[in-house]
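Residues per chain are reported as follows:
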Amino acid sequence: QIQLVQSGPELKKPGESLKISCKASGYTFTDYAMQWVKQAPGKGLQYMGWINTQTGKPTYADDFKERFVFSLETSASTAYLQINNLKNEDTATYFCATGFDYWGQGVMVTVSS
Amino acid sequence: DVVMTQTPVSLSVAIGQPASISCKSSQSLVHSDGKTYLNWLLQRPGQSPKRLIYLVSKLDSGIPDRFSGSGSETDFTLKISRVEADDLGVYYCLQGTHFPNTFGAGTKLELK
């Protein structure tokens, strides 16, 4: 069955960087784009953008064009979200999803000095 | 960006009673390919979102037919014919017609 398994929780300081992984299984990785979604504590869902798993081309929503990087390791069926120069407002759970029908379990990221 | 306005913000419903959630978009969700990319998702407490309905009215696999979706252009509705305990959580509409995809703010379904 299709599964997206994400990496574990992260505790970081402002200014640091992190890289979250999303490992896919149960389907051909390049058949579906990978979406990324942010959910701040107690808040709703915010779309971050997507990456074309065939070409590796990322497309970012406006709020995520500056410090956010989507990437792939196709041989490992894994997508990555890197966040650079972390800010307090990056504290959130980050989800990967294919076509919004399959979701990872989410990665809780806490940014605090 | 397309704004998705969901109402109500919260809903208290007794088991066995119907429930209805509205989602209105700031522009038509009819894509140039003729399809309308409107989805409904449920996020149960402490869980990832789960898609219930796609293309306005198509039920995802395993979703009971107590759930139904309807609407067109800018006006959409999710209906639950008879609420069950497992239905509690936050419901979101999501449009995928225009980039960036946008979510409604959510409707919290509580049991009365």
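Above this note sits the structure.
These remarks concern the structure in this document. Just so it is clear, the structure is predicted and the values come from calculations on it, not from any experiment. (Residues numbered from 1 in each chain as written. Chains lettered and ligands numbered in written order. Predicted model: local features only at pLDDT ≥ 70, side-chain atom pairs only at ≥ 80, totals over all residues. Heavy atoms only, no water.)

Relative to the helices and strands, S48(B) is located in the loop between β4 (38-43) and β5 (50-54). Residue classification places S48(B) among the buried residues on the basis of a relative accessible area of 17%. At 2.6 Å, the side chain of S48(B) forms a polar contact with the backbone oxygen of G104(A). Among residues more than four places away in sequence, those in contact with S48(B) are F95(A), W103(A), G104(A), Q105(A), G106(A), L42(B) and Q43(B). (Helix = DSSP H or I, 4+ residues; strand = E, 2+ residues; numbered from the N terminus. Buried < 20%, exposed > 50% of the residue type's maximum accessible area, 1.4 Å probe, protein only. Polar contact = N/O pair within 3.5 Å; in protein donor to acceptor, adjacent residues only side chain to side chain. Contact = heavy atoms within 4.5 Å.)

Okay, the packing of aromatic side chains next. The geometry of an aromatic ring pair is captured by two quantities: the separation of the ring centres and the angle between the planes. Scanning the entire structure with this criterion turns up 11 aromatic pairs over all chains. Ring geometry for Y60(A) against F70(A): centres 4.5 Å apart, planes inclined by 35 degrees, an arrangement best described as tilted. Separated by 10 residues along the polypeptide, Y60(A) in strand β6 (residues 58-60) and F70(A) in strand β7 (residues 68-73) bring together distant segments of the chain. Take Y60(A) and F70(A): they sit in the same class, and that class is buried. Between Y92(B) and F103(B), the aromatic rings sit 6.5 Å apart at their centres with planes inclined by 80 degrees, giving edge-to-face as the arrangement. Here Y92(B) is found in strand β9 (residues 89-95), whereas its partner F103(B) is found in strand β10 (residues 102-103), with 11 residues between them in sequence. By relative accessible area, which is 10% here, F103(B) ends up buried. Members of the aromatic cluster, connected to one another through ring pairs, are Y47(A), F95(A), F100(A), W103(A), Y92(B), F99(B) and F103(B). Sitting over the ring of Y80(A), K19(A) keeps its end group 4.8 Å from the ring centre. (Phe/Tyr/Trp six-rings, centres within 6.5 Å; stacked < 30°, edge-to-face > 60°. Lys NZ or Arg CZ within 6 Å of the ring centre and 35° of its normal.)

Residue and element names in this part refer to chain B. Strand order in the open sheet formed by 4 strands is β1-β3-β8-β7, and the pairing between neighbours is antiparallel. Only two strands of the sheet have a single neighbouring strand rather than two, namely β1 (4-7) and β7 (67-72). Strand-to-strand twist across the sheet, computed as the mean angle between neighbouring axes with direction ignored, equals 15 degrees. Bridge analysis of strand β3 (residues 19-25) against strand β8 (residues 75-80) gives 6 bridges, and the strand direction is antiparallel. (Pairing = 2+ DSSP bridges. Axes fitted to C-alpha atoms, helices over the stretch in contact; angles between N-to-C directions.)

What follows covers the pairing of strand β3 (residues 18-25) of chain A. Side-chain positions along a regular strand alternate between the two faces of the sheet. Here 4 bridges tie strand β1 (residues 3-6) of chain A to β3(A), and the two strands are oriented antiparallel to one another. For Q3(A), the partnering residue across the bridge sits in β3(A) and is S25(A).

Let's shift gears to the interface of chain A and chain B. Tallying the contact residues gives 20 residues for chain A and 12 residues for chain B. Overall, the association of chain A and chain B removes approximately 1,200 Å² of surface from exposure, summing both partners, and the carbon and sulfur fraction of that is 66%. On the chain A side of the contact with chain B, L45(A), Y47(A) and F100(A) bury the most area, a combined 47% of that side's loss. Linking chain A to chain B there are 1 salt bridge. As a salt-bridge pair, D101(A) and R51(B) come within 3.9 Å of each other at their nearest N and O atoms. The interface formed by chain A and chain B holds 3 residue pairs in polar contact (both at pLDDT 80 or more) in total. Put simply, the parts of the chain that give the side of chain A that touches chain B at least two residues each are β4 (34-39), β5 (46-51) and β6 of chain A. Per-class residue counts for the side of chain A that touches chain B are 9 nonpolar, 9 polar and 2 charged. (Buried area = accessible area lost by both parts, 1.4 Å probe. Salt bridge = Lys/Arg side-chain N within 4 Å of Asp/Glu carboxyl O. Nonpolar A, V, L, I, M, F, W, Y, C, P; charged D, E, K, R; others polar.)

Attention shifts here to the pairing of strand β11 (residues 107-111) of chain B. Residue and element names in this part refer to chain B. Looking at chain direction, strand β2 (residues 10-13) and β11 are connected through 4 bridges and run parallel. Across the sheet, residue S10 finds its bridge partner in β11, namely K108. Of the strand pairs in this sheet, β9 and β11 are connected by 3 bridges, and their pairing is antiparallel. Following the sheet pairing, G89 is matched in β11 by L109.

The values reported here are purely geometric and, on their own, carry no functional implication.
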